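Fold and contact review
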Amino acid sequence: MPNNESGSSLGPGGLDLTNTFFKPILNSDPPIPSNRCTKVSVIGVGNVGMAIAQTILTQDIADEIALVDAKPDKLRGEMLDLQHAAAFLPRTRITASVDYAVTAGSDLCIVTAGARQNPGESRLNLLQRNVALFRHIIPPLAKSSPDAILLIVSNPVDVLTYVAWKLSGFPVNRVLGSGTNLDSSRFRFLIADHLDVNAQDVQAFIVGEHGDSSVALWSSISVGGIPVLSFLEKQQIAYEKQTLEDIHQTVVGSAYEVIALKGYTSWAIGYSVANLAYTILRDQRKIHPVTVLARGFYGVEGGDVFLSLPALLGRNGVVAVTNVHMTDEESEKLQKSAKTILEMQSQLGL
């Protein structure tokens with residue numbers, strides 16, 4: 001019996017809904033067929049980088065993991081620590097070097113390296129130091145793995161994703177940032193906690209800047225397929241708008257709280273980025289709110305600005321941007337968030 005191929009058409013007329021739900025990424029590369037082993041490189045072996053590497057390792061996402069850092073002793077120590085756990089983990093080759101040649105042939109390059117803010121240092125000065133750092137990271141990565149996908153985690157992630165795109169020369173579909181993927185997970189958790197349901201049954205997005213100007217898309221939140229706000233309105237159940245804003249502000253402050261308590265964040269971002277790696281490398285075509293080139297989407301204009309939007313991800317990186325519903329107020333906030341990021345970008349001279 002022949003296998004039935006799945007497609008995007010519905011009904012006897014073969015109505016194609018793909019272009020209705022998603023807006024394609026222009027000037028993107030065609031998919032790259034590959035039967036070889038999957039290789040992931042992680043740049044930066046600090047708390048975040050190692051949480052990502054460890055999660056990718058335990059979830060059997062890659063056949064080879066390459067670690068790169070400027071500190072050779074710490075780098076070798078982290079590599080050996082992971083290698084010594086080989087008997088308890090999926091079979092994965094683990095390599096490490098201060099030389100970017102070790103990343104050659106990577107399918108996915110995850111950049112976590114970044115300068116820390118000094119006491120009294122301005123945000124702009126910190127950003128400029130990170131741009132200088134990226135000038136030493138991105139070009140050798142692009143040279144060693146010209147067909148790779150770049151996933152930026154370093155903060156400020158939106159501006160640094162733009163910097164990585166400029167420095168790599170890669171098409172826009174192969175450069176993205178972790179963006180608000182974790183923010184949206186925190187958002188879903190808080191909503192689920194309020195309603196006493198599983199967070200996996202909550203669909204909710206934080207978009208825009210990964211930072212203070214992020215936007216909570218309350219109008220499109222659903223639980224178990226039920227649109228929450230429209231359901232409350234139909235049932236004439238009153239709710240306070242301030243309650244919604246308080247939940248959003250809790251999301252924004254979540255990372256600061258963790259840092260205040262333990263000194264840094266690591267595990268949540270590790271799982272978040274590993275989840276993105278799984279979606280990309282296994283071609284899962286799942287929707288994640290990640291940092292992408294936003295110009296032309298949701299009225300965002302004025303330049304090549306990168307910020308988080310719900311995007312369809314697959315083996316070719318960013319496949320499309322989801323046409324999710326936004327109210328006029330949400331759209332205005334998103335455009336304001338874009339202007340905030342553009343102001344930072346304009347001072348870089350790239």
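Refer to the structure above for everything that follows.
Description of the structure in this document. What you see is a predicted model; the values in this text were computed from it and never measured.

Further remarks concern the nonpolar core. Within the largest apolar cluster, 86 residues are counted, with the highest numbers of intra-cluster contacts made by Ile56, Leu67, Ile110 and Leu309. Core analysis: the next-biggest nonpolar cluster, separate from the first, contains 16 residues, Phe187, Ala204, Leu244 and Ile247 among them.

Right, let's get into the packing of aromatic side chains. Within the structure shown, the criterion is met by 4 aromatic pairs. Each ring, one from Trp165 and one from Phe306, has its centre 5.4 Å from the other, and the planes form 50 degrees; the classification is tilted. Taken together, the positions of Trp165 in helix H5 (residues 157-168) and Phe306 in strand E16 (residues 306-314) put the pair 141 residues apart, joining distant regions of the chain. As far as burial versus exposure is concerned, Trp165 and Phe306 are alike and both buried. When the centroid spacing of 5.0 Å and the interplanar angle of 85 degrees are considered together, the rings of Phe187 and Trp218 count as edge-to-face. With Phe187 in helix H6 (residues 181-195) and Trp218 in the loop between strand E12 (215-216) and strand E13 (222-223), the pair connects residues that are 31 residues apart, well separated along the chain. For the pair formed by Phe187 and Trp218, the shared burial category is buried. In this structure, Arg174 packs its charged tip against the face of Phe170, placed 4.4 Å from the ring centre.

The next point concerns the packing of H5 against helix H10 (residues 328-345). Running from N to C, H5 and H10 point in directions that differ by 55 degrees, and their axes come no closer than 10 Å. Taken as axis vectors, H5 and H10 run oblique relative to one another. For the pair H5 and H10, the crossing hand works out as right-handed. For the pair formed by H5 and H10, the contact residues are Asp158, Val159 and Tyr162 on the first element and Ile341, Met344 and Gln345 on the second. Class assignment of the residues belonging to the contact of H5 with H10 gives a composition of 4 nonpolar, 1 polar and 1 charged.

Before going further, it helps to examine the environment of Ser154. Summarising the element assignment, Ser154 is placed in the loop between strand E8 (149-152) and H5. Judged by relative accessible area, which is 4%, Ser154 ranks as buried. Sequence separation of Ser154 and Ser213 is 59 residues, and the distance between their C-alpha atoms is 18 Å. Discounting chain neighbours no more than four positions away, the residues touching Ser154 are Val111, Thr112, Ala113, Gly114, Phe134 and Leu160.

This paragraph deals with the sheet that holds strand E14 (residues 226-227). Spatial ordering of the open sheet is given by E10-E13-E14, a layout of 3 strands whose pairing is antiparallel. Lying at the two open borders of the sheet, with one neighbouring strand each, are strand E10 (202-203) and E14. Pairing geometry for E10 and E13, over 2 bridges, is antiparallel. Note on E13: the bridge partner recorded for Val202 is Val223.

Another point: the pairing of strand E17 (residues 317-322). When you tally the buried positions in E17, you get 5 out of 6 residues, the bulk of the element. As paired elements, strand E3 (residues 22-24) and E17 share 3 bridges and run antiparallel to each other. When the sheet's bridge partners are listed, Pro24 is paired in E17 with Ala320. Following E16, the chain reverses through 2 residues before pairing antiparallel with E17.

Within the secondary structure layout, Ile65 lies in strand E5 (residues 64-68). Through-space distance from the C-alpha of Ile65 to that of Ser106 is 8.9 Å; in sequence the pair is 41 residues apart. Not counting residues up to four positions away in its chain, the partners in contact with Ile65 are Val40, Ala53, Ile56, Leu57, Thr92, Arg93, Ile94 and Thr95.

Quick notes on the rules
- Residues numbered from 1 in each chain as written.
- Predicted model: local features only at pLDDT ≥ 70, side-chain atom pairs only at ≥ 80, totals over all residues.
- Heavy atoms only, no water.
- Core = buried A, V, L, I, M, F, W, Y, C linked by side-chain atoms within 4.5 Å.
- Buried < 20%, exposed > 50% of the residue type's maximum accessible area, 1.4 Å probe, protein only.
- Phe/Tyr/Trp six-rings, centres within 6.5 Å; stacked < 30°, edge-to-face > 60°.
- Helix = DSSP H or I, 4+ residues; strand = E, 2+ residues; numbered from the N terminus.
- Lys NZ or Arg CZ within 6 Å of the ring centre and 35° of its normal.
- Axes fitted to C-alpha atoms, helices over the stretch in contact; angles between N-to-C directions.
- Parallel < 35°, antiparallel > 145°, perpendicular 65-115°, else oblique.
- Left-handed = near helix turned anticlockwise from the far one by under 90°.
- Contact = heavy atoms within 4.5 Å.
- Nonpolar A, V, L, I, M, F, W, Y, C, P; charged D, E, K, R; others polar.
- Pairing = 2+ DSSP bridges.

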